[in-house]
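# Observations on the model geometry
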Amino acid sequence: MNAPTELPSLPTIADVEDAARQLRGIAVRTPVLENPLLNEKLGGRLLLKAEPLQLAGSFKFRGAYNRISRLSAAERQRGVVAYSSGNHAQGTAYAAKICGTPAVIVMPADAPEIKIANTRAYGAEVVLYDRYKEDREEIGKRYARDRGMTVVPPFNDPYIISGQGTIGLEIAVQCAERDGKPDVVVAPASGGGLIAGVSLAIKDRHPDCAVYCAEPDKFDDISRSLAAGKICSHDGSGKTFCDALMAPHPGDITYGVMSTNLAGGVTATDDEVEIAIATAFHYFKLVVEPGGAVALASILNGKIPCAKRTVVAVASGGNIDSTLFSEIIGRTKPV
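Conventions and cut-offs
- Residues numbered from 1 in each chain as written.
- Predicted model: local features only at pLDDT ≥ 70, side-chain atom pairs only at ≥ 80, totals over all residues.
- Heavy atoms only, no water.
- Helix = DSSP H or I, 4+ residues; strand = E, 2+ residues; numbered from the N terminus.
- Rg over C-alpha atoms; globule rule 2.2 N^0.38 Å.
- Buried < 20%, exposed > 50% of the residue type's maximum accessible area, 1.4 Å probe, protein only.
- Core = buried A, V, L, I, M, F, W, Y, C linked by side-chain atoms within 4.5 Å.
- Contact = heavy atoms within 4.5 Å.
- Pairing = 2+ DSSP bridges.
- Right-handed = clockwise from strand over helix to strand, strands pointing away.
- Phe/Tyr/Trp six-rings, centres within 6.5 Å; stacked < 30°, edge-to-face > 60°.
- Polar contact = N/O pair within 3.5 Å; in protein donor to acceptor, adjacent residues only side chain to side chain.
- pLDDT = per-residue confidence, 0-100.
- Salt bridge = Lys/Arg side-chain N within 4 Å of Asp/Glu carboxyl O.

## As for the overall build of the protein chain
Check the secondary structure of the protein chain and you find 14 helices and 10 strands. For a compact globule of 335 residues, the expected C-alpha radius of gyration is about 20 Å, and the protein chain comes in at 18 Å, within 12% of that figure. Taken along the three principal axes of its C-alpha coordinates, the protein chain extends 55 × 40 × 40 Å. Here the protein chain holds 335 residues, and the buried ones make up 58% of them.

Here you go:
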């Protein structure tokens, strides 16, 4: 897929700051965690932004609420539709509930049961599809057309990106509260909404800070896009249990932001992600899902060196089935 000749209107730091005002008193200001024993092993300072403690269990609530809360009364009455493997589904369902609007969520039938169950529990109508044979965007567009609903995209939307960017604003403030400033910030990435938004805030507050995206091995569409200077897809040949990070390519809006702000992309294998999940639990007592642990994994595997500098990793979500989590903790040693 080639990059568009002209990029669409891109969100700015002013939009992220506006989103922070919109989310104030609604979203959780999640903590930044630090462990001296882990720092000693890494030879530097690692700070972990704990978005599993966000409403609905992941960062996705921020963008979804920032988008849905801007709808008119008539749009809210007609409702919203979203498509997601799980975290955007839950974030949108809960944001819609708070805003008093109906929600239809299109989810893959093989999504983790906890994500499907939670989405229904928030009051949304869940429509399941086969991710290998059906197009979720087409299903979502059909519901939008037939019911007059507003589509809430998972990443390629200025309001979504700006909402996720409030994490970057919080990181900048929380680092200052700890008498430090970040040398590197790394966050998980799929379509790029999170890392694009975070990069807007971090590059404004700390221009010299390097910002990286972290992706599952073989699902490195953003890394490929940054290297090629145009929007690229991953080759689709891999498998991963990071179900939240399987978008085939970034959006034109997210790519427009990332191509300016990101220093590059890194990857982690599923085995490395398991070590990160075990490490987060051991040192921080934090439950992190596979996709949410990729940034931490990219530090622990050495692709983002931590020695003699301050590195911030975003743990983006904690919606993992209890059986899988207990299996990983039982078989995997932390660093």
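Having seen the model, we can carry on.
## Here we look at unusual backbone geometry
Among all residues except glycine, the phi angle is most often negative; among peptide bonds, the trans geometry is most common. One non-glycine residue, K218, lies in positive phi territory at about 80 degrees. Relative to the assigned elements, K218 resides in the loop between strand 8 (210–216) and helix 10 (221–228). Here K285, not a glycine, exhibits a phi torsion of approximately 55 degrees, which is positive.

## Here's the deal with the nonpolar core
If you look at the biggest cluster of nonpolar residues, it comprises 37 residues, and the most contacted ones within it are L46, V273, L286 and I299. Secondary-structure elements contributing two or more residues to this core are helix 2 (36–42), strand 2 (45–50), strand 7 (184–188), strand 9 (264–268), helix 12 (270–284), helix 13 (294–300), strand 10 (310–315) and helix 14 (322–331). If we ignore the near neighbours within four places in the chain, the residues touching L46 are L33, E34, L38, N39, L296, I299, C306, V311 and A313. Of all hydrophobic cores here, the second largest spans 30 residues; its members include V32, V198, L200 and C209.

## Topic: the sheet that holds strand 3 (residues 80–83)
In spatial order, the strands read 5-4-3-6; together these four strands make up an open sheet with parallel pairing. Here the strands that pair on one side only, and so sit at the sheet edges, are strand 5 (125–129) and strand 6 (150–151). Across four bridges, strand 3 lies against strand 4 (residues 103–108) in parallel orientation. When the bridges of strand 4 are listed, V80 appears paired with A103.

## Thoughts on the pairing of strand 5
Direction of pairing for strand 4 relative to strand 5: parallel, over a ladder of five bridges. The residue of strand 5 that forms the bridge with I105 is V126. With helix 6 (residues 113–121) bridging strand 4 and its parallel neighbour strand 5, the resulting β-α-β unit is right-handed.

## Quick look at the pairing of strand 3
Alternating residues of strand 3 divide into V80 and A82 and V81 and Y83, and every residue in both groups is buried. Tracing the backbone out of strand 3, into helix 5 (residues 87–99) and back to the parallel element strand 4 gives a crossover that is right-handed. Sheet topology places strand 3 next to strand 6; two bridges connect them, and they run parallel. Looking at the pairing, V80 lines up with T150 of strand 6.

## Quick notes on the packing of aromatic side chains
Counted under the stated rule, the structure contains four aromatic pairs. Ring centres of F61 and Y65 lie 5.8 Å apart, and the angle between their planes is 25 degrees; this geometry places the pair in the stacked category. Of this pair, F61 and Y65 both sit in helix 3 (residues 60–68), four residues apart, which is roughly one turn of that helix. Y65 matches F61 in its accessibility class, with the two residues each being buried. Arranged with centres 5.7 Å apart and planes meeting at 45 degrees, the rings of F61 and Y94 form a pair that is tilted.

## Description of the side chain of T279
Here T279 is to be found in helix 12. Of note is the side chain of T279, whose polar atom sits 3.2 Å from the backbone nitrogen of V335. Non-local contacts of T279, meaning those with residues more than four positions away in its chain, are made with L38, F284, L300, P334 and V335.

## Description of the confidence of the model for the protein chain
The predicted model of the protein chain has a mean per-residue pLDDT of 95, with 98% of residues at 70 or higher. Contacts for the low-pLDDT stretch residues 1–7, under 50 throughout, to residues beyond four places or in other chains number 12 contacts.

## What to know about the pattern of salt bridges
Within this structure, the stated rule accounts for 20 salt bridges. Where E34 meets R45, a salt bridge forms, and the shortest distance between an N and an O atom there is 2.7 Å. Pair noted here: E34 is in the loop between strand 1 (32–33) and helix 2 and R45 is in strand 2, with a separation of 11 residues, a long-range link. The partner of K141 in a salt bridge is E138, and the shortest N-O contact between them spans 3.9 Å. Of this pair, K141 and E138 both sit in helix 7 (residues 136–147), three residues apart, which is roughly one turn of that helix. The partly exposed category is assigned to K141, whose relative accessible area is 43%. Residues joined in a network through salt bridges with shared partners are K49, E51, R62 and E170.

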